[in-house]
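Descriptive structure summary
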Amino acid sequence: MIKHKLAYIGLLTIFWLVMRLYLFRATAILFYMLLIFLPMIFLLFRISAHGIKVELEVPVQVVKKGERFCVRVRVQGKNRLPNGPIVVWIWHRNCISEKWKKKKLTFYGEGEESYELFASSKYCAQYLFLLKKAKIYDIFQIFSKKIPIPEKKYAQQGITVLPECYALTEWIIRPNPNVMVEGEIYSTVKSGDDASEIFDIRDYVPGDRLNRIHWKLTGKLERLMVKEFGLPLDSSVLIFFDLGFYQNMEEYLEYRDALFCVLFSLSETLSAQGQVHYIAWNAGDGENQKHKITCPEDFYETMGIVLREGAGREKADRAARYLAEYEQDQYTSIFYLSADKEPWKGLGAMEEARKSAWLTGLFFCGCEAMREREQSFAPDVKFLYLDTKALEEELNTSLFEGGSLRWQEN
């Protein structure tokens, strides 16, 4: 460090002046000892610091909102002689922002040790961490040496902070007789009426249809056996979300968290019920995104992408942008999730393009203005206004287990 180098030079200068002016023998001895001290310290330091490496680790990469997570710096290599501090610089950023922040960490390493930093996030997000620079100093902090960072550990380490996710127990997709969609995937938990796929074979019970008796197996087992047919899953369910345009970041993050909470709850419930669906949005850079969810792996992979999304950089009708590319798509049910302050624009675009699909709008802001415009939409369009402070209660009462939007099979 510079101040230690200046202190050494100042001390050396004082001894030299005393030696030249007063010719004390002891002063001369101290001066020459101090003069050769520096190269000796440098040589010993280079030997001691050889082989020391630093790595960045993120032990747990998925946490819940508000839960503490750990970022670990691991020092590898045994110190042959005492050394000074190790200084590392960790870059980190929230994926919805392009701005990197830098944190300086100083610690003393002895042998192979790890040093941990703990943090938590108030909002759901995806964070990136990068260890890009590290130095070690000698015991007097006069010399320093860059510590090599292994190439495989130079890559970014990520933490995904998930929003709350509430289990929804009802079968949330209404049958739509106006749209015929051929399902290619069949339910593994529920039987249906598609004779092209056998769901199960079981013993006959009174009330079973005679045309479903499996005669060949009945003759073999000498008891009546019945075929249960497959239930094709509707793969044309769309969840479209619109994050809107905001200048107040704190206000935006509150609505963003609420929207993602509902999005996670909807999608995970559909995935748990074996319901194939799509998650779509128009990104802040104008690019359309559409991801098919057929299994939990698809769900979590898509959620990692979703959490990188931020509000738009300018006001735009994102639903109209999306539909301009996918206007020919046919759906049986559409969920429109909006955190925009003017949600009626996006919902109107969805209504024009929905064909015969059921349309449900879920709104987090701009609710009063949206209520005033309800009459301009078709009678079968459903509206749900969510309180960001009571999402669990809203989801488990108003939407699926009671209230005006309890959906029953036709």
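Conventions adopted
Residues numbered from 1 in each chain as written. Predicted model: local features only at pLDDT ≥ 70, side-chain atom pairs only at ≥ 80, totals over all residues. Heavy atoms only, no water. Pairing = 2+ DSSP bridges. Helix = DSSP H or I, 4+ residues; strand = E, 2+ residues; numbered from the N terminus. Axes fitted to C-alpha atoms, helices over the stretch in contact; angles between N-to-C directions. Patch = residues over 30% accessible without salt bridge, like charges linked within 9 Å, V, L, I, M, F, W, Y side chains within 5 Å. Areas by Shrake-Rupley, 256 points an atom, 1.4 Å probe, with all protein chains shown as cover. Salt bridge = Lys/Arg side-chain N within 4 Å of Asp/Glu carboxyl O. Lys, Arg positive; Asp, Glu negative; His and termini not counted. Charge placed at Lys NZ, Arg CZ, Asp CG, Glu CD. Buried < 20%, exposed > 50% of the residue type's maximum accessible area, 1.4 Å probe, protein only. pLDDT = per-residue confidence, 0-100. Contact = heavy atoms within 4.5 Å. Phe/Tyr/Trp six-rings, centres within 6.5 Å; stacked < 30°, edge-to-face > 60°. Lys NZ or Arg CZ within 6 Å of the ring centre and 35° of its normal.

On the basis of which strands lie adjacent, the open sheet formed by three strands has the order β1-β3-β6 and antiparallel pairing. At either end of the open sheet lies a strand with only one pairing partner, and these are β1 (53–57) and β6 (113–119). Neighbour to neighbour, the strand axes of the sheet diverge by 20° on average, direction disregarded.

This paragraph deals with a positive patch on the surface. A grouping of K102, K104, K133 and K146 is seen on the molecular surface, where their side chains present a positively charged patch. For K104, the position within the fold is in strand β5 (residues 101–107). Using a relative accessible area of 52% as the deciding quantity, one classes K104 as exposed.

Judged by side-chain polarity, I2, L6 and I9 come together as a nonpolar surface patch covering roughly 330 Å² of accessible area. For I2, the position within the fold is in helix α1 (residues 2–22). Given a relative accessible area of 64%, I2 falls into the exposed group.

Here the focus is the confidence of the model for the protein chain. Any segment with low pLDDT has predicted coordinates that should not be analysed in fine detail. Here the protein chain shows a mean pLDDT of 76. Residues at 70 or above account for 75%. Low pLDDT, under 50, characterises residues 396–410; the stretch is placed with 35 contacts to residues that sit more than four places away or in other chains.

With the rule as written, the count across this model stands at 12 aromatic pairs. Counting every residue linked through ring pairs, the aromatic cluster contains F240, Y322, Y326 and Y336. We note R68 situated over the ring of F118; from NZ or CZ to the ring centre the distance is 4.4 Å. For R373, the ring lying beneath its charged end belongs to W344, and the centroid distance is 3.8 Å.

Inspection of the entire model under this criterion finds 11 salt bridges. Its salt-bridge partner being E164, residue K65 comes within 3.3 Å of it at the nearest N-O pair. Of the two residues, K65 is situated in the loop between β2 (62–64) and β3 (69–76) and E164 in the loop between β9 (157–162) and β10 (194–203); the sequence distance between them amounts to 99 residues. Among the residues examined, E164 registers a relative accessible area of 34% and is labelled partly exposed. Measuring nitrogen to oxygen at the nearest pair gives 2.8 Å for the salt bridge that ties R223 to D203. Of this pair, R223 sits in the loop between α3 (215–221) and β11 (225–230) while D203 sits in strand β10, and the two are 20 residues apart along the sequence. Assessed through its relative accessible area of 42%, R223 is described here as partly exposed.

Moving on: unusual backbone geometry. At E222, a position not held by glycine, the phi torsion is positive, near 60°. With respect to the secondary-structure elements, E222 resides in the loop between α3 and β11. With a phi angle near 60°, K355 is a residue other than glycine that sits in the positive phi range. Take K355: it is sitting in the loop between α7 (343–353) and β16 (358–363).

Turning to the pairing of β9, a few remarks are in order. Summarising burial for β9: five of the six residues are buried, a large majority. In the sheet, β2 pairs with β9 via three bridges, with the strands oriented parallel. Counted as the bridge partner of V63 is V161 from β9. Two elements, strand β7 (residues 125–137) and β9, share five bridges in a ladder whose sense is antiparallel. Following the sheet pairing, F129 is matched in β9 by Q157.

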